[in-house]
Every structure is written in structure tokens, then in C-alpha cells.
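Reading the structure
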Amino acid sequence: GIYSGQLDFYAESYLSAEGQIISPGALAHVALVALPAMAYFLVRRQIFESYDRSGFMDMSALICIALVPAAFVFSTAASRFSVYMQFFPMIFYPVVADVVKTETNRIAVRVGVISFNVVFLFVWLKFANNSFAYLPYKNIWWE
């Protein structure tokens, strides 16, 4: 059919030693899921005081963390797979804000999560090897 050979192409492009595509930004992509996964294991006990114990979240966090060493060996595959793991931070961030006891600390967690992501995005868009493509307009942020 029209997809014949696609599996071979992806295996060659993502996993083989000879024809592997290298993604320099893979570690940044993986970090977006791996850092929340590491934080998950730090506050896991507090989460389970309010929510049911979830083997799914544990396994998902382990997969997110396992993508870090994979990014050094199979950068493109790890980068692409990290997109499928984006559900983890989307579940973790609201839960961690919910289990914090005081309203002041909840606000601090929310501001911290937003700040982390804004700084991460700014650094990525400003200093990535292809950042020139993200600056099509003159504006106050980059002038």
C-alpha cells in the first residue's frame, strides 16, 4: 500500500547507527516531561494522601525519566516520543497545586509552574540553533 516501507524508513531514521537523524533540541523536548516526572517522585507521598495510588502515573513518570538517557543515544526518537508523554505534566501540575495545603503555597506553585514554562520557552526561542525562524517580527522582547 501507500505506507509500504514507512516502518523501515522510521527505523532507519530514528534508531539505526548509520542513517539516524540527530535532533539537537531533543534534550529540551525531553526535559519538558522529565523534570515534572522527577518532581512527581519528590511529592508522590503527598499526592497519594489526597488521590488514589496510581501505578499508571508511576509508570508514566519512569518512562518520562527514561527518555533523558535515550535522548543522548536516539535523540529524534526520544524527542518524538516525548510529545506522546505531554499528558504527564498536564496531569501533574494541577494535582501538585491541589495537594498543597495553604492558598499562599498553591499560588506559589502555580506561579512557579508558569514561570518555569515561560522561562523555558523564552530560552528555547532565543538561543536554540534554529531560533532565527521564530523571530519573524520586530517587537519589544527582542529589540
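Computed from a predicted structure; not experimentally measured. (Residues numbered from 1 in each chain as written. Predicted model: local features only at pLDDT ≥ 70, side-chain atom pairs only at ≥ 80, totals over all residues. Heavy atoms only, no water.)

Proteins that are soluble and globular tend to have nonpolar side chains buried together. Ranked by size, the top nonpolar core spans 22 residues in total, and within it Val-30, Tyr-40, Ile-47, Cys-64, Leu-67, Phe-88 and Phe-92 carry the most contacts. Elements that contribute at least two residues to this core include exactly α2 (26–50), α3 (55–73) and α5 (87–99). Considering every element that reaches this core, the biggest residue donor is α2, with 8 residues. Those residues in contact with Val-30 that sit more than four places away from it in its chain are Cys-64, Leu-67, Val-68, Ala-71, Ala-78, Ser-79 and Ser-82. (Core = buried A, V, L, I, M, F, W, Y, C linked by side-chain atoms within 4.5 Å. Buried < 20%, exposed > 50% of the residue type's maximum accessible area, 1.4 Å probe, protein only. Helix = DSSP H or I, 4+ residues; strand = E, 2+ residues; numbered from the N terminus. Contact = heavy atoms within 4.5 Å.)

When you line up the elements, Asp-58 lands in helix α3. Under the relative-accessibility criterion, Asp-58 is labelled buried at 14%. A distance of 2.6 Å separates the side chain of Asp-58 from the side chain of Tyr-40, its partner in a polar contact. The contacts of Asp-58, once residues within four sequence positions are left out, are Tyr-40, Phe-41, Arg-44 and Phe-48. (Polar contact = N/O pair within 3.5 Å; in protein donor to acceptor, adjacent residues only side chain to side chain.)

Below, the discussion takes up the packing of α5 against helix α6 (residues 103–127). Angle between the axes and distance between the axes: these two values describe a pair of packed helices. Put simply, α5 and α6 touch, their axes get as near as 8 Å, and they point 155 degrees apart. In terms of their interaxial angle, α5 and α6 are classed as roughly antiparallel. Considering the relative orientation of α5 and α6, their crossing is right-handed. Where α5 abuts α6, its residues Tyr-93, Val-96, Ala-97 and Asp-98 lie against Arg-106, Val-109, Arg-110, Val-113, Phe-116 and Asn-117. Classifying every residue of the contact of α5 with α6 by side-chain character gives 6 nonpolar, 1 polar and 3 charged. (Axes fitted to C-alpha atoms, helices over the stretch in contact; angles between N-to-C directions. Parallel < 35°, antiparallel > 145°, perpendicular 65-115°, else oblique. Left-handed = near helix turned anticlockwise from the far one by under 90°. Nonpolar A, V, L, I, M, F, W, Y, C, P; charged D, E, K, R; others polar.)

Our next topic: the packing of α2 against α5. The N-to-C vectors of α2 and α5 enclose an angle of 40 degrees; their axes lie 9 Å apart at closest approach. Compared by their axis directions, α2 and α5 come out oblique. Between α2 and α5 the crossing geometry is left-handed. Here Leu-32, Val-33, Pro-36, Ala-37, Ala-39, Tyr-40, Val-43, Gln-46, Ile-47 and Ser-50 of α2 lie close against α5, whose contacting residues are Phe-88, Pro-89, Phe-92, Tyr-93, Val-95, Val-96 and Val-99. Classifying every residue of the contact of α2 with α5 by side-chain character gives 15 nonpolar, 2 polar and no charged.

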